[in-house]
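# An overview of the molecular structure
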Amino acid sequence: MALSRIYPVLIFLLLFFSCLGPGRGARNYPDNEVTLLDSMSALGDLGWEAYPAEGWEEISVMDERNTPMRSYQVCNVMEANQNNWLRTRHIARHGAQRIYIEIKFTLRDCNSLPGVPGTCKETFNMYYHESNNDNLWFIKESQYVKIDTIAADESFTQTDVGDRVMKLNTEVRDISNLSKKGFYLAFQDVGACIALVSLRVFYKKCPAAVHNLAHFPDTVTGGDSALVEVHGSCVNDSEEFESPKMYCSADGGWLVPIGRCICKPGFEEGKDYCQPCRPGTYKASAKDAYCTKCPPHSYSQQEKASECTCEKGYYRADMDPRSMACTRPPSAPENGISTLNDTSVALEWRPPRDSGGRGDLAYNVHCRKCAPDGRKCGPCGGGVHFTPRQFGLDAAKVLVSGLLPNTDYTFSIEAINGVSDLSPSPKQQLTVNITSGQTVSVILKERKSKDSITLAWQGPDRPNGVIVEYEVIYYEKNQRDQNYTVLKTKSNMMTVEGLKPGTTYVFRVRARTDGGYGSYSGEIELETSQEDMLAIGDPNQSTILAVSIAGGVVLLVFLVACFVVSGRHCGYIKAKQDPDEEKMQFQHGRVKLPGSRTYIHPHTYEDPNQAIRDFAKEIDASSIRIERVIGAGEFGEVCSGRLKLPSKREIYVAIKSLKAGYTEKQRRDFLSEASIMGQFDHPNIIRLEGVVTKCKPVMIITEFMENGSLDTFLKKHDGQFTIIQLVGMLRGIASGMKYLSDMNYVHRDLAARNILVNSNLVCKVSDFGLSRVLEDDPEAAYTTRGGKIPIRWTAPEAIAYRKFTSASDVWSYGIVMWEVMSYGERPYWEMSNQDVIKAIEEGYRLPPPMDCPVPLHQLMLDCWQKERAERPKFSQIVNMLDKLIRNPNALKELANSSIWEDPITPEFSVNSVDEWLDAIKMGQYKDNFTSAGYVTLDSIIYISVSELSKMGVTLVGHQKKILASVQSLHAQGSHVQV
Ligand code: AMP
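Residues numbered from 1 in each chain as written. Predicted model: local features only at pLDDT ≥ 70, side-chain atom pairs only at ≥ 80, totals over all residues. Heavy atoms only, no water.

### Some details on the overall build of the protein chain
If you tally the helices and strands in the protein chain, you get 17 helices and 50 strands. Considering the protein chain as a whole, with its 978 residues, one finds that 49% of them fall into the buried category. In the protein chain, once contacts between residues fewer than 6 apart in sequence are set aside, the share between residues at least 24 apart is 64%. Carbon together with sulfur atoms contributes 50% to the accessible area of the protein chain, which is approximately 48,200 Å² in total. (Helix = DSSP H or I, 4+ residues; strand = E, 2+ residues; numbered from the N terminus. Buried < 20%, exposed > 50% of the residue type's maximum accessible area, 1.4 Å probe, protein only. Contact = heavy atoms within 4.5 Å. Areas by Shrake-Rupley, 256 points an atom, 1.4 Å probe, with all protein chains shown as cover.)

Below, the structure written as structure tokens:
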């Protein structure tokens, strides 16, 4: 007989509805879970198969809303050999690879059932059967795959029931790697008293999200722990800047955003969307972050403007940036001045009063001429030459040469700029008129004596102004180049005195007006007399010459421009010595000063065998007993065995041997590990017992670490250690690393795989060596600079330019912390090395592993500071971990895996310093603040870095975080209720 009839189980089920959360219709599940079946929401018959008939029975009860609810119970505890099966309907999988099954059930404690035989059970089994057929009416027991045996965390007794204390158990199991359309679940009872209150089957997805303006769709998580790589699509009105992608983790969270979209021109970034620029604003390039106000003399009337339209009369040149004000052509140049000099004229003017708002001002000079009779006007033609040029002049002047004499010239000077050609209006001009080259007509009235000649002449017919003076130039014939004399007079005659008797002189005359000099008259040759005599009116000698010749002298003006080339200082900048620089002391012999020992690089020895002799003890091969092979190293097998040295206890050792057929270099490299390891003496550094070099095979003997390498060890014991045990391991590694960094040894390949663990869970740093450290590491990948580097463990500066320091070891230590806290998970999962480098560069850091205490993740983040000077030193890490071990309460708060959290600004009001420190996840410093007297929130407002250091907050990252939060509290004001 079914005992359920006697010990009713389900009549108490209603009591559970309050425990089951909100009303059934309104059951809220996390948004990353998709329910495939929920027995609580099934309104009708669940339609599950139960066999044999006297086994599981379906019970219908009313919930608190009077809605019928289906459940199953079985309680055949009085009879032995029970085998009762309950099978669900076919559950379609909808493409999910990992399915979660959540069951809620009650189980009666066998001891509480009076008179039940020993066959009474307190467990039941759960199975599944994959099938494409959704209408199987029978499945053989052997066709089921067992999921688990389910036991109750809490069973209950009749007394509990009487006291209305019901024990509802919730268990979740998962199945993965499904390939068929769906599956059936089955529950096998073998003689327990169970009520199956609810069954929920679901899978997990990463819910649709927008990040960096890229939309990532709902994504079903992968099977096992695989990440699913998802490419995002840019939200409306945005475009790809760098291909956006994220990874969907197995537990339905998004990880490692890479790349981004940016809003198109005319749109700016809002929260997860692009919004149009408002009228009056614009955005020209997708790369600009925000819309900005239209520049002067422009406007946008519509939304989404990618550029603003120029106001009437204003223009934008093709090359003008869209952010530049619209501009207009310049006004006309002003105040033209001409200075005529024979057949050339220098024109000068003042720049226009209005430059149009631009700096690219230039001038064009147009030239027209008219013949002396005022008729026959036209362009000046090719004979006229402009210096430096006619069009596009930078300076407000030009020299015009090659003018014809007695000609009227009109120069129209216009100022232009980059938008002159865009304006339909004619250009405004300045006009300068000149009449060129008026030649003096010389009427020679010659009066000669033996030392003087008198000349008279007639002024130009049409002078271009009032004649100011005449210039007379003369020289001895054929002597022009040596000596000539210039005389000036206001009248139109002159007596030139002091001449040599009986000598021929050449004379020329020109007039000057306000407009400059006219052309010279033709040359006249006159000879002084031998005797002193008057020769006026001599018809043979006095000649009236009407000279009207075009001037024959062309003055050339050469301008020599001297360019002063400013020479550059050539030189070099000496690279600054970095205080963190890897220091390798090149010296022989061991330095034994206490507290100041420095690691000695084996390469500093000319004879590497000497390094071995200095640092490693030679062991007689007969004292070693090899027992078994435990691993494979680069140079040969690694074995375990025993070492018995005279008058010492026998100890377990690891024996690395160098395989036969090695080269001399291989032998040197192999033994270099021993000559490095032999210099160290610390409980967290693998200890060298000695070497065998005198016979073959060559061997390195170290202490034996029973649990092998840390990464494999953690994977094997997933979830089995307490937080304090894990922190203890981390403390050991940090202590070993502090010792190494104090000795100026930079490890370069710190990773869980290079840490060994002994039977007492003591972790020791291993894997020393020279080049081989990285050559040997399967994780090391070649970088663009050629070196081989374990990318995921290495600080960015070491990847980028091989800057390996103790600070880069600290970065690797942070990764080891993450490996430890996640029980040997691979850092950055299956992301490619390139993606890892890119993500780190973009500021991404690994999220806290599951159940990782906040201060530990914070310490990891500190180790991963971009600026290596801001990373903690190993001594600080050791102190910090010691503090956490002494005060395990600080480890209680577990980090939230959310990748978007902002720990700086508390979202809620804080009322005390302690609350505030908790809110910014700096709770570990509560005591420091209290002892330093910072007990009220108003007292922290003016706290300084030096104050923080004094009270023991020495990590730069923590100081920054605290000060940033103080600032933000200060700014918010309202959050602080002091
Ligand atoms: P190695 O060449 O140092 O990387 O060593 C290869 C493998 O041998 C390691 O991954 C360990 O599993 C094992 N091994 C090396 N040294 C020891 C040791 N001292 N104690 C125990 N196992 C060791």
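### A few points about the site of the ligand
In the vicinity of the ligand, 13 residues are found, and the nearest of them are Ala654, Lys656, Thr702, Glu703 and Met705. Here an oxygen atom of the ligand and a side-chain polar atom of lysine 656 are 2.5 Å apart. Between the ligand and the protein, one listed contact pairs an oxygen atom with a side-chain N or O atom of aspartate 767 at 3.4 Å. When the ligand sits alone it has 470 Å² of accessible area, and the protein chains cover 83% of it. At the level of secondary structure, the elements contributing two or more residues to the shell around the ligand comprise strand 42 (624-632), strand 44 (651-657) and strand 46 (699-703). Among the residues forming the shell around the ligand, the class breakdown is eight nonpolar, two polar and three charged. (Near = heavy atom within 4 Å. Polar contact = N/O pair within 3.5 Å; in protein donor to acceptor, adjacent residues only side chain to side chain. Nonpolar A, V, L, I, M, F, W, Y, C, P; charged D, E, K, R; others polar.)

### Section: the environment of alanine 632
By the element assignment, alanine 632 lies in strand 42. Exposure remark for alanine 632: the relative accessible area of 75% places this residue in the exposed category. When the C-alpha positions of alanine 632 and serine 657 are compared, they lie 9.8 Å apart, and in sequence the two are 25 residues distant.

### Some remarks on helix 6 (residues 723-742)
Here helix 6 is 20 residues long and its end C-alpha atoms lie 28 Å apart, about the 28 Å a rise of 1.5 Å per residue gives. Following helix 6 by one or two positions, asparagine 744 has its phi on the positive side, about 65°. (Expected span 1.5 Å × (residues − 1).)

### So, the nonpolar core
Counting residues in each nonpolar core, the largest one holds 106 residues, and the members touching the most others are Leu710, Tyr813, Trp916 and Phe929. Dropping the residues within four chain positions of it, phenylalanine 929 is found in contact with Val913, Trp916, Leu917, Tyr934, Ile940, Ile943, Leu948, Met951 and Ile962. Core analysis: the second largest hydrophobic core is formed by 32 residues, Ala96, Leu107, Leu178 and Leu185 among them. (Core = buried A, V, L, I, M, F, W, Y, C linked by side-chain atoms within 4.5 Å.)

### Notes on the pattern of salt bridges
Here the structure, examined in full by the defined rule, presents 39 salt bridges. Between lysine 500 and glutamate 476 there is a salt bridge, with the nearest N and O atoms lying 2.6 Å from each other. Taken together, the positions of lysine 500 in the loop between strand 38 (493-496) and strand 39 (504-513) and glutamate 476 in strand 36 (residues 467-476) put the pair 24 residues apart, joining distant regions of the chain. Each member of the salt-bridge network shares a partner with another, and the members are Arg625, Glu627, Arg642 and Glu650. (Salt bridge = Lys/Arg side-chain N within 4 Å of Asp/Glu carboxyl O.)

### Considering the sheet that holds strand 33 (residues 429-435)
Taken together, four strands build an open sheet; the order of strands is 29-28-32-33 and the sheet is antiparallel. Edge positions in the sheet fall to strand 29 (377-379) and strand 33, since each has one partner strand and no second. When strand polarity is set aside, the average angle formed by the axes of neighbouring strands in this sheet is 25°. Pairing of strand 32 (residues 408-416) with strand 33, which is carried by seven bridges, proceeds in the antiparallel orientation. The residue bridging phenylalanine 411 from the neighbouring strand is valine 432, located in strand 33. (Pairing = 2+ DSSP bridges. Axes fitted to C-alpha atoms, helices over the stretch in contact; angles between N-to-C directions.)

### Some remarks on the sheet that holds strand 38
If you trace the three strands from one edge of the open sheet to the other, you get 34-35-38, paired in antiparallel fashion. Because the sheet does not close on itself, it has two edges, and the strands there are strand 34 (447-448) and strand 38. When strand 35 (residues 453-456) meets strand 38, the two strands line up antiparallel, connected through four bridges. Bridge pairing in strand 38 links isoleucine 453 to valine 496.

### A look at the packing of helix 9 (residues 806-821) against helix 11 (residues 854-863)
Two elements in contact, helix 9 and helix 11, have axes whose closest approach is 8 Å; the angle formed by their N-to-C orientations is 150°. On the basis of their axis angle, the class for helix 9 and helix 11 is roughly antiparallel. Here the hand of the crossing between helix 9 and helix 11 comes out left-handed. Where helix 9 approaches helix 11, its residues Val810, Trp811, Tyr813, Gly814, Met817, Trp818 and Met821 are matched on the opposing element by Leu856, Leu859, Met860 and Cys863. Partitioned by chemical class, the residues of the contact of helix 9 with helix 11 number ten nonpolar, one polar and no charged. (Parallel < 35°, antiparallel > 145°, perpendicular 65-115°, else oblique. Left-handed = near helix turned anticlockwise from the far one by under 90°.)

### A short note on the state of the cysteines
One pass over the full model with this rule turns up ten disulfides. What pairs with cysteine 75 in a disulfide is cysteine 193, and their sulfur atoms sit 1.9 Å apart. With the S-S dihedral at roughly -100°, the linkage between cysteine 75 and cysteine 193 falls on the left-handed side. Of this pair, cysteine 75 sits in the loop between strand 4 (68-74) and strand 5 (84-87) while cysteine 193 sits in the loop between strand 11 (182-189) and strand 12 (194-206); the two residues are 118 residues apart in sequence, bridging distant segments of the chain. In terms of burial, cysteine 75 and cysteine 193 fall into one category: buried. Paired by a disulfide, cysteine 277 and cysteine 291 hold their sulfur atoms 2.1 Å apart. Since a negative S-S torsion denotes a left-handed disulfide, the cysteine 277-cysteine 291 link at about -80° is left-handed. Here the residue cysteine 277 occupies a position in the loop between strand 21 (274-276) and strand 22 (281-282), and cysteine 291 occupies one in the loop between strand 22 and strand 23 (292-293), the gap between them amounting to 14 residues. By relative accessible area, cysteine 291 is classed as buried at 14%. (Disulfide = S-S within 2.5 Å.)

### Remarks on the environment of leucine 761
Its place among the elements puts leucine 761 in the loop between strand 47 (755-757) and strand 48 (763-765). Residues leucine 761 and asparagine 707, spaced 54 residues apart in sequence, show a C-alpha to C-alpha distance of 7.9 Å. Not counting residues up to four positions away in its chain, the partners in contact with leucine 761 are Phe713, Phe721, Gln725 and Met729.

### Quick look at the packing of helix 3 (residues 608-615) against helix 4 (residues 664-677)
Following both chains from N to C, one finds helix 3 and helix 4 inclined at 25°, their axes separated by 9 Å at the closest point. Relative to helix 4, the element helix 3 is oriented roughly parallel. In this structure, the crossing between helix 3 and helix 4 has a hand that is left-handed. Residues Pro608, Asn609, Ala611, Ile612 and Phe615 of helix 3 touch helix 4, and the partners they reach there are Arg667, Arg668, Leu671 and Ser675. Class assignment for the residues of the contact of helix 3 with helix 4 results in five nonpolar, two polar and two charged.

### A short note on the packing of aromatic side chains
Aromatic rings considered in pairs are described by the distance between their centres and by the relative angle of their planes. One pass over the structure, following the stated rule, counts 29 aromatic pairs. Ring centres of tryptophan 137 and phenylalanine 138 lie 6.1 Å apart, and the angle between their planes is 45°; on these two criteria the pair is classed as tilted. For phenylalanine 138, a relative accessible area of 47% gives the class partly exposed. Look at tyrosine 605 and phenylalanine 615: their rings are 6.1 Å apart centre to centre, the planes differ by 85°, and that puts the pair in the edge-to-face class. One end of the pair, tyrosine 605, is in the loop between strand 41 (524-527) and helix 3; the other, phenylalanine 615, is in helix 3, and ten residues separate them in sequence. We classify phenylalanine 615 as buried; its relative accessible area is 5%. An aromatic cluster of at least three residues, connected via ring pairs, comprises Tyr599, Phe680, Tyr739, Tyr745 and Phe768. The ring of tyrosine 29 is capped by arginine 200, whose NZ or CZ atom sits 3.6 Å from the centre of that ring. When the ring centre of phenylalanine 202 is taken as reference, the NZ or CZ atom of arginine 200 above it lies at 4.0 Å. (Phe/Tyr/Trp six-rings, centres within 6.5 Å; stacked < 30°, edge-to-face > 60°. Lys NZ or Arg CZ within 6 Å of the ring centre and 35° of its normal.)

### Notes on the environment of glutamate 947
Mapped onto the elements, glutamate 947 comes out in helix 16 (residues 945-950). Take glutamate 947: its relative accessible area is 29%, and that puts it in the partly exposed class. At a separation of 3.2 Å, a polar atom in the side chain of glutamate 947 contacts the side chain of tyrosine 934.

### Focus: unusual backbone geometry
Residue proline 52 follows tyrosine 51 across a cis peptide bond; omega there is 0°. Position of proline 52 relative to the elements: it lies in the loop between strand 2 (49-51) and strand 3 (57-62). Residue proline 388 is reached from threonine 387 by a cis peptide bond, and omega for that bond is 0°. Its location among the elements puts proline 388 in the loop between strand 30 (385-387) and strand 31 (397-401). Residues other than glycine seldom take positive phi values, yet tyrosine 828 does so here, at roughly 60°. As for its placement among the helices and strands, tyrosine 828 is situated in the loop between helix 9 and helix 10 (833-841). Judged by its relative accessible area of 1%, tyrosine 828 is buried.

In short, geometric facts, not functional conclusions.
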